[in-house]
Structures are given as C-alpha cells and as structure tokens.
Amino acid sequence: MRHLIRHGALAGALLLAACSPANPPDTASTLKGEATYVANGVMRYPASDFVEQGVGRRGGTLRVSAASDAGSFDIHALSHGNIQWLGRILFDCLVYQAEDGTLTPWLAKSWDISADGLTYTFHLRDDVTFSDGERFNAEAVRVNLEHMRDPKTKSPLAAAYIAPYLQGRVVDEYTFEATLRTPYAPFLDVLSQAWLGMISPRQILEAPRTIASKPIGTGPFVLTDWVRDQSASFERRAGYHWAPPAINHAGEAYLQRIELSYVPEAMIRYTSLEAADSDMALDAPAQNAAAIRANSALTLRNRIRKGNPARSLTFNVERVPFDDVRVRQAVAKAIDRDGLAWISGFGEYLAKGDFLAVNTPGYDPSARDALAFDPAEAGRLLDAAGWTGRDAEGFRTRNGQRLGATLLTYDNPAFPANVSVAAQADLRKVGFDLAIELLPITRVMELRYAGDFDALGGGYWHTNTADGLYILYHSQSIPSARMLGQNAGHFRDARLDQLLGDARRSNDPAQRRTLYRQAQQRLGETVPAVPSVESQMLLAYRKAAVGGVVFDGSHNVPLFTSVWLAKEQP
C-alpha cells in the first residue's frame, strides 16, 4: 500500500531547503490544504496564520466539539493533548513563542539572562489578576514553579520540562529571579507552553485539589460548568487585556461564551458540524476530510504539531530481540509508513521516517531517509543479526528460537488498531512474528513505567523545541522512582546523550542547530523507536459563522481569544 504523492511533495520541498533563501516567499501547498514554505530546512506556515488580521465582532456563543475530555484542568499535573488549546482558554504563560521559535513577552514584559546561562530575571506586568482577584506577581511565579515540580503534583510533563530549575527568588513584587542547576537553553521555550501556565497561588496553596474541577487562572475565559466526559462551559473574563502582544489582539476575548461538547464518535462530530448544530470541531475526523473540503459551507485546517512525530513502535532495548540495533533498523525499514499514514489519516497525514517534526526549530532533513521503507535491506539486516533460519510458518529463527515480540497497546483513537495490524502484516513479510496485546490503558501505563514489555504501540510527545528529543531519548529520561520519565524503552546511547546534553547547555544558536542535526542523524542510526506520521491536528469550522481563527505559535492550535462569530447561530 503506497501513497507517495503528498509525502514526495514535502520531501521535494525539503530537498531544496539547503539552497533556499533565509526568508523565501510562500510556495504552493506542501501540506494538504495549507500553504507552507521551507526556510533553513524547517517547514513554516504563513505569518498571517498566527496574527490577528482585524478587529472581530463581539458577543455570541461558540459551540465546539472535541473527541475527549482531559479529565482535569490541573495543567501542571497533565500531559493530555487537549491542554494545548484548553490551557490557552483559562491560563496565560510568562512568555510566548512565535511560530518561528522567537520568544516574545506575555505575562513577563522582558527578561535578562546571565552570561553563564544560570540566572533568568523576569520583569513582570503589574496589571494582571487571577479570576479569584489575586494579583499576578513574582510570588505567584515562585508558587507555580514549585507546584510544577512538587512530587504531590505527579507531573509527567511540567516537572520534566523545568527539571534544571534549582530555586526562585522574589526580588521585588514584580521581579522574579530563577536560578538553574545547569545552563538550559530551552527554558523560555518550555515556559511558553500551555502546560506551564500560571494558576492562582491562593488555589495552589489553600485548595490544590480544586484545580482539577474549578481552575483559577488569568486567562481570557473562566470555567462556569463542567460535566466530566460530556461538556464544559466558559465565560468571557471581564477586564482581560493582557493577551500576548505577538498575536495583535487588544482587550477582552470577542466571544461571550464557549460551549464545549465531548463527542468521541467521529461521525457525530462531522454530522453536527455539517448540520450547523456545532460551529467548530477541534478533532475533525480525517475520514471525513474530503467531504468537509467539498462542502462550501465548511473550512478544514490541517496543522502539524511541533516536537516529536507519532510513533508506531517504541522498542524496549533491554529485551531480545530489540537489544540488537540491526533488528531495530530492520523493523523500521520493513514497515511501510506511507501505508500507515493512509490508514491512520486517510490521506491527510504525512508519513514520517525521522525523529523531529518538520516545523520544529532545529529540524534538519539530512536524516529523513535513514529509515526509508526497504524490505530487502530489512532482510539483509536480519541475516546479519543471525536470524537466518525459517520455521514451518515462515518466521525467522536463530538457535531454534523464533524471531518475534509482543506489541503492547490500548484502545487509542490516535493510534487505530488497524495501524498495528498493518505493521504486523509488514513484519510478517520479512519473517518477524509481531503479536498484538490490547490492554486497558491503566495496565499499559503500569507495564510501561515498569519496563515490562517488548514494544509499545502508538504515542507522541508534543513540545515546541528540539529538546523534545532529550525528553524521549536521553538516558536521564528513563522512568524511575524519582521521575515519570518518557524514555520508556530504557534507551541508552552515550553519543546521543552527549549531543542532547551539549545542546541544552549551549547559548549559541548555530552550535545548537549543529548539535541537533547530529542528534537526529544519530537517532536514525540507533533507532529507539519507529516514527510513523507527523502529529497533526485537523480543525474544521463553519465558514460563514466563524472568523478570526488565529493559531498559537507553540502548539499550532486555535487561540479562542481571537475567534469571533460573524453571526448568531440558526
């Protein structure tokens, strides 16, 4: 099953990257339905997608659907993908990352970084309040950073992102000083992500358990009602006037209300939008993308998330057969990722053979073909690893043992069961016996953190910096009693550790680009996982009803501060 046209168009664009000017003009679409161009190897969207183009109409209730509930609003305690857009509704961050990776002011007006890269001094706005009336100030920042790393928070994401943070000091009411254990170049980048927004310090200190259901932030909306797994309602925050200057929005949000419905059934999300029962679908179903594009009343947007792409398999490198890099390379080359892209994305998703999203600052295309689909080469690699025998069913053997492993997975809309089955069929062709074990997610997570598995199915890790490679593949990220690390496969490679560690510590952007390029190449050689597709979000909305759709620079999701209704719903 080969679908090469769209992937080939992107690959062709990336081939030209080395000779592209620093700021090339917009080109023809390389991502279905979206205009993009390539600068220095990195895919970019038009700047107009990220900046408000004009004043919108105030008032009205936007009806939105999403596939699933995050189960909590405690952004510091979650890694759920919904927080990318949900966090921006309720919370604000210290800094804002533009689409090109530039860091710009938000709740912090400016900042200073010491020459040794260990001290960050933030100069804060003095006119911001939380929805409970508490003032946003330096003490609020200190309390929030402590909450992120407090073991009681059990943070799988925020704590890892600020792990180099040593201590904070309130210099004066609106000046905060953060001291790091070691230089950490991505510190500002991660602070701009929605999971690291500011929560009311009073709530953190006096009623932390209420954050999950009654969150208090400084954001453009406040939560007024929540029925778990069913719906959530948000009301415009009166007096809000501190949106990040980079998006060119002044004053309060335009919408009066947002009514959010959780609709796990993809077809219902589509038909509700088509029938004008909803105005926007945050998880527009890929299987209906062609019908949405063909409907003149609807608009479909296809957005790639920065960071790490989706994976089809993550190997436990401490177990046979995946302790042998040749077997890992062979498995990666035996899986037809263009086929997986079609199965999971119905022609909307880009197949992926390397380890960093194409729109992440620091992406380099030089290693994109290291894991290209090549069953013949996969066979040669398995021969070299000693798996040269065959049993009665045609599976490879070595010393009387069959070559095989069990893929552990769970019911996950982002990783449909038929993707696992397709990978299983591809591996069968090269003599590898891949069994699939479907378990409840709680059991999968238990086995994952215990390292008790052969391979994990699915998964992605979104972040707005190339340091996402450190989060997933550095040996310091291996899960332990001390940390809910994301290096689930217990992958260790001294060379990669050195490259990613040096990149974290470097304050030279050119040096970091070189280090990240080498790290991406090293991942293509050592293969701790099999990338499958870019991690993409499909957004659909009613063309005549919804205006002002602006995307967040970190997450490439809509910013509801700028969304407005052109007319009342029927």
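As a starting point, this report considers the structure included with it.

Cut-offs used in this document
Here the residue index of a chain counts from 1 through its sequence in written order. Confidence filtering applies because this is a predicted model: local features only for residues at pLDDT of at least 70, side-chain atom pairs given and counted only at 80 or more, and all residues used for totals across whole chains, interfaces and linings. Where side-chain values are given, they derive from all heavy atoms of the structure, hydrogens and water being excluded. Under the scheme used here, helices are H or I runs from DSSP no shorter than 4 residues and strands are E runs no shorter than 2 residues, and both carry numbers assigned from the N terminus. Burial classification: accessible surface area is computed with a 1.4 Å probe over protein chains only, and a residue below 20% of its type maximum counts as buried, one above 50% as exposed, and the rest as partly exposed. Here, residues are in contact when the closest pair of their heavy atoms is within 4.5 Å. Here a strand pair is declared whenever DSSP counts at least two bridges between the two strands. In the sections that follow, a salt bridge refers to a side-chain nitrogen of Lys or Arg positioned within 4 Å of a carboxyl oxygen of Asp or Glu.

By the secondary structure assignment, Leu515 is in helix 16 (residues 509–526). Residue Leu515 is classed as buried on the basis of its relative accessible area of 10%. Here the alpha-carbon distance between Leu515 and Lys352, two residues 163 residues apart in the chain, equals 21 Å. Leave out the neighbours within four places in its chain, and Leu515 touches Leu499, Asp502 and Ala503.

Looking now at the pairing of strand 8 (residues 165–172). Two elements, strand 8 and strand 9 (residues 175–180), share six bridges in a ladder whose sense is antiparallel. Paired with Gln167 across the two strands is Thr179, which belongs to strand 9. What sits between strand 8 and strand 9 in their antiparallel hairpin is a turn of two residues.

Right, let's talk about the pattern of salt bridges for a bit. As enumerated under the stated definition, the model contains 33 salt bridges in all. One salt bridge connects Arg257 with Glu235, and the closest N-O pair in it is separated by 2.5 Å. Of this pair, Arg257 sits in strand 12 (residues 257–262) while Glu235 sits in strand 11 (residues 231–236), and the two are 22 residues apart along the sequence. Arg257 sits in the partly exposed class, given a relative accessible area of 23%. Two residues, Asp383 and Arg396, come together in a salt bridge whose shortest N-O distance is 2.7 Å. Taken together, the residues span a long stretch of sequence, with Asp383 in helix 11 (residues 375–384) and Arg396 in strand 17 (residues 396–398) at a distance of 13 residues. For Asp383, a relative accessible area of 39% translates into the label partly exposed. On the basis of relative accessibility, which here comes to 6%, the residue Arg396 falls in the buried class. Through salt bridges with shared partners, one network takes in Glu34, Asp49, Arg301 and Arg303.

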